[in-house]
2 protein chains.
Amino acid sequence: MANRRTVYFVSDRTGITAEMLGHSLITQFEGIDFKRVTLPFVDTIDKAHQVAERIRQTALQDGARPLVFSTFVKNEVREIIHIPEAHVVDFFEAFIEPLEAELKQESSHTVGKSHAIENFHEYNARIEAVNYALAHDDGIKPSDLSTADIVLVGVSRSGKTPTCLYLALQYGIKAANYPLTPDDFGQTGLPKPLQAFKHKLFGLTIVPERLAQIRAERKPDSRYASLDNCRFEVAEAEALYRNASIPHLNTTNKSIEELASTIVHKANLARRIY
Amino acid sequence: MANRRTVYFVSDRTGITAEMLGHSLITQFEGIDFKRVTLPFVDTIDKAHQVAERIRQTALQDGARPLVFSTFVKNEVREIIHIPEAHVVDFFEAFIEPLEAELKQESSHTVGKSHAIENFHEYNARIEAVNYALAHDDGIKPSDLSTADIVLVGVSRSGKTPTCLYLALQYGIKAANYPLTPDDFGQTGLPKPLQAFKHKLFGLTIVPERLAQIRAERKPDSRYASLDNCRFEVAEAEALYRNASIPHLNTTNKSIEELASTIVHKANLARRIY
């Protein structure tokens, strides 16, 4: 069938980079049913031959050339995967030679360098940020916010917790979060625990219909999940952001990656890790 | 100076893909001091001209062509960044046309497709996995492990928590963790809460010197962080893994990404999201 393709992400290391870039390429092609297979740690000649054979079999079964996205640092392994039965795209191969020419230096061809722990300091920054996010999730003590890089504010289930964790893991940023509850509404000004940290606040909002859907997964048929209540809470939260001039973002159609990188950009946060 | 280069990651969306692939390329070049700048959301002609001008200024200041890694879907924006004063690598440009030919279909040129929320089901799987990891972090009730996809086991500070969170965020996998404490050692067999879930266990271990260093960041000069105690705990944990035939992994020189993808691979876990 023309509308079905098998896609392999192959690497001599984790395959994360191959997956990410390959995925962002194939999502540009709508209407094709992609079957995705990740094969990490293909780091020997033997394993490479096995993978090449598997891809050949898939080509026969599918009646169409599989797509292969790879990030091989070792030439000898990469070449084995380069079979005519597949459409092979190796991300390193395409770019490393021009870079060597530009930088007037040979690349070190060190497998998996990019995800290796580069130094103890970076590792610590990351773990510290994760621990910070965990300790300041939905039950923050006011005094603690002084060490936060940013404080996400929003109603329950608007996406605060996963965004905080992603900011910690991906950027090493210390993100706390403060849940807005009905107690916080109908007052003038910011909730008391937040008043001293206005410059660190970033609001999340969400379409009420979507919020109701998310909340219903957790507590079906509850007042908490009812559309009326969701509409009320979202309207109050948005009024609070406007009145206090807090920058904010609608999370409805955004992935966690998009939310996190948008917040880093808009709040001009300094990342601690790469 | 020849040994210093500015690197720009530029995108009309989050820039995450450009950062990840660009980073994995430049780490292949040792001895060069790369100054990294991410410029996301460059999605208009005007913004593109500003970025191009900024890159030209950097080239003048540095006396060397900046490296520019980009992932532009829109041709008209991409072309503006393609200036002779920089070494520009656009990841989409290089691969999208050959893919169009292979798939006999034009790409949709939809900006940021890859990180957009693809469907509600995937979003839920991710959030559910994050909530699961949070609820089962270091204080698990035995009965709860029945719904875990995997249970990470290891001494305090061996890397369990960030790995569980990464498994949740990146793969939608429900990972619980069980901290091995001195109470668990010196007994025959597995700790009681784990006995019914042996097939789900995955052990983490770490070089004692590194563990002592990590623990000292948290509790300096404590018995907990002493090298003697770390040696004892690690030796006991490793004996437990061996005796119970639990697969395990040394976390010392691995990043969280590597740990997570290795566990997914070795434990043959099914990912819920892409």
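Residues numbered from 1 in each chain as written. Chains lettered and ligands numbered in written order. Predicted model: local features only at pLDDT ≥ 70, side-chain atom pairs only at ≥ 80, totals over all residues.

A. Structural context of the overall build of chain A. Within chain A, the regular secondary structure consists of nine helices and eight strands. Taking 19 Å as the expected radius of gyration for a compact globule of 274 residues, we find that chain A reaches 24 Å, considerably beyond that expectation. Dimensions of chain A along its principal axes, counting C-alpha atoms only, are 70 × 45 × 30 Å. Across the 274 residues in chain A, those meeting the buried criterion constitute 45%. By sequence separation, contacts in chain A at least 24 residues apart represent 70% of the contacts at least 6 residues apart. (Helix = DSSP H or I, 4+ residues; strand = E, 2+ residues; numbered from the N terminus. Rg over C-alpha atoms; globule rule 2.2 N^0.38 Å. Buried ≥ 20, exposed ≤ 12 C-beta atoms within 10 Å, placed from the backbone. Contact = placed C-beta atoms within 7 Å.)

B. Expanded view of the pairing of strand β4 (residues 87–90) of chain A. The sheet contact formed by strand β3 (residues 67–71) of chain A and β4(A) spans four bridges and is parallel. Looking across to β4(A), one finds that A:Phe69 is bridged to A:Val89. (Pairing = 2+ DSSP bridges.)

C. Up close: the packing of helix α5 (residues 120–135) of chain B against helix α6 (residues 160–171) of chain B. All names here are of chain B. The contact between α5 and α6 brings their axes to 7 Å, and the two run at 165°. In terms of orientation, α5 lies roughly antiparallel with respect to α6. Between α5 and α6 the crossing geometry is right-handed. Together, Arg126, Ala129, Val130, Tyr132 and Ala133 of α5 and Cys164, Leu165, Ala168 and Leu169 of α6 make up the contact between the two elements. The class makeup of the residues in the contact of α5 with α6 is eight nonpolar, no polar and one charged. (Axes fitted to C-alpha atoms, helices over the stretch in contact; angles between N-to-C directions. Parallel < 35°, antiparallel > 145°, perpendicular 65-115°, else oblique. Left-handed = near helix turned anticlockwise from the far one by under 90°. Nonpolar A, V, L, I, M, F, W, Y, C, P; charged D, E, K, R; others polar.)

D. View of the interface of chain A and chain B. With 55 residues of chain A at the interface, the matching set in chain B holds 55 residues. If you list the elements that add at least two residues to the side of chain A that touches chain B, you get α1 (16–26), β4, α4 (91–103), α5 (120–135), α6 (160–171) and α9 (256–266) of chain A. For the side of chain A that touches chain B, the class distribution of residues is 25 nonpolar, 21 polar and nine charged.

E. Spotlight on the relation of the copies chain A and chain B. Screw-axis analysis of chain A against chain B gives a translation of 0.0 Å along the axis, an RMSD of 0.1 Å, and a rotation angle of 180°. Here the transformation between the copies is reduced to the relation of a two-fold axis. Of the residues that chain A buries at the interface, 100% are likewise interface residues in chain B, meaning the two copies contact each other through the same surface. (Least-squares fit on C-alpha atoms with pLDDT ≥ 70 in both.)

F. Highlighting the sheet that holds β3(A). Residue and element names in this part refer to chain A. A sheet is described by the order of its strands in space; here four strands give the open sequence β2-β1-β3-β4, paired in parallel fashion. Lying at the two open borders of the sheet, with one neighbouring strand each, are β2 (33–39) and β4. Direction aside, neighbouring strands of the sheet carry axes that sit 20° apart on average. In this structure, strand β1 (residues 4–11) lies alongside β3, joined through five bridges in parallel fashion. What sits directly across from valine 7, in β3, is leucine 67. The sheet contacts of α4 involve β3 and β4, and relative to β4 the element is tilted by about 45°.

G. The arrangement of the confidence of the model for chain A in detail. All names here are of chain A. Considering every residue of chain A, the mean pLDDT works out to 89; 93% of them sit at 70 or more. Element-level mean pLDDT values for chain A span from 85 in α5 up to 98 in strand β7 (residues 201–205). Scored by ipTM, the complex comes to 0.81, with pTM at 0.84. (pLDDT = per-residue confidence, 0-100.)

H. Local environment of the environment of B:Phe9. Residue and element names in this part refer to chain B. On the secondary structure map, phenylalanine 9 appears in strand β1 (residues 4–11). Residue class for phenylalanine 9 comes out buried when judged on the 24 C-beta atoms lying within 10 Å of it. Residues phenylalanine 9 and alanine 237, 228 residues apart in the sequence, show an inter-C-alpha distance of 43 Å. Sequence-distant contacts of phenylalanine 9, defined by excluding residues within four places in its chain, comprise Gly15, Ala18, Glu19, Gly22, Thr38 and Phe69.

I. View of the sheet that holds strand β5 (residues 150–155) of chain B. Residues and elements named next belong to chain B. What the four strands build is an open sheet, ordered β6-β5-β7-β8; its pairing is parallel. On the outer flanks of this sheet lie β6 (175–180) and β8 (248–250), each paired with one strand and no other. For this sheet, the mean inter-axis angle between neighbouring strands, taken without regard to orientation, is 25°. With three bridges joining them, β5 and strand β7 (residues 201–205) adopt parallel strand pairing. Its bridge partner lying in β7, valine 153 is registered against glycine 203. On the sheet, helix α8 (residues 227–244) packs against β5, β6, β7 and β8 and is oriented at approximately 150° with respect to β7.

J. Fine view of the pairing of β3(A). Residue and element names in this part refer to chain A. The element β3 is extensively covered by neighbouring structure, given that five of its five residues are classed as buried. Residues Leu67, Phe69 and Thr71 line one face of β3 and the alternating positions Val68 and Ser70 line the opposite face, and both faces are buried. Read from β3 through helix α3 (residues 75–81) to β4, the crossover connection turns out right-handed. (Right-handed = clockwise from strand over helix to strand, strands pointing away.)

K. The arrangement of the packing of α1(A) against helix α1 (residues 16–26) of chain B in detail. Between α1(A) and α1(B), the least distance of the axes is 10 Å, while the angle of their chain directions is 140°. By the criterion of interaxial angle, the relationship of α1(A) to α1(B) is oblique. Like other packed secondary-structure pairs, α1(A) and α1(B) cross with a definite hand, here left-handed. Every residue of α1(B) that contacts α1(A) at A:Thr17, A:Met20, A:Leu21 and A:Ser24 is listed here: B:Thr17, B:Met20, B:Leu21 and B:Ser24.

L. Fine view of the domain arrangement of chain A. Domain annotation of chain A identifies domain 1 (4–115) and domain 2 (120–266). Here the C-alpha centroids of domain 1 of chain A and domain 2 of chain A sit 38 Å apart. (Domains from an automatic or database assignment.)

M. Region of the structure containing the environment of A:Ser156. Locating A:Ser156 in the fold gives a position in the loop between β5 (150–155) and α6. Once the C-alpha coordinates of A:Ser156 and A:Leu249 are considered, the two residues, 93 residues apart in sequence, prove to be 15 Å apart.

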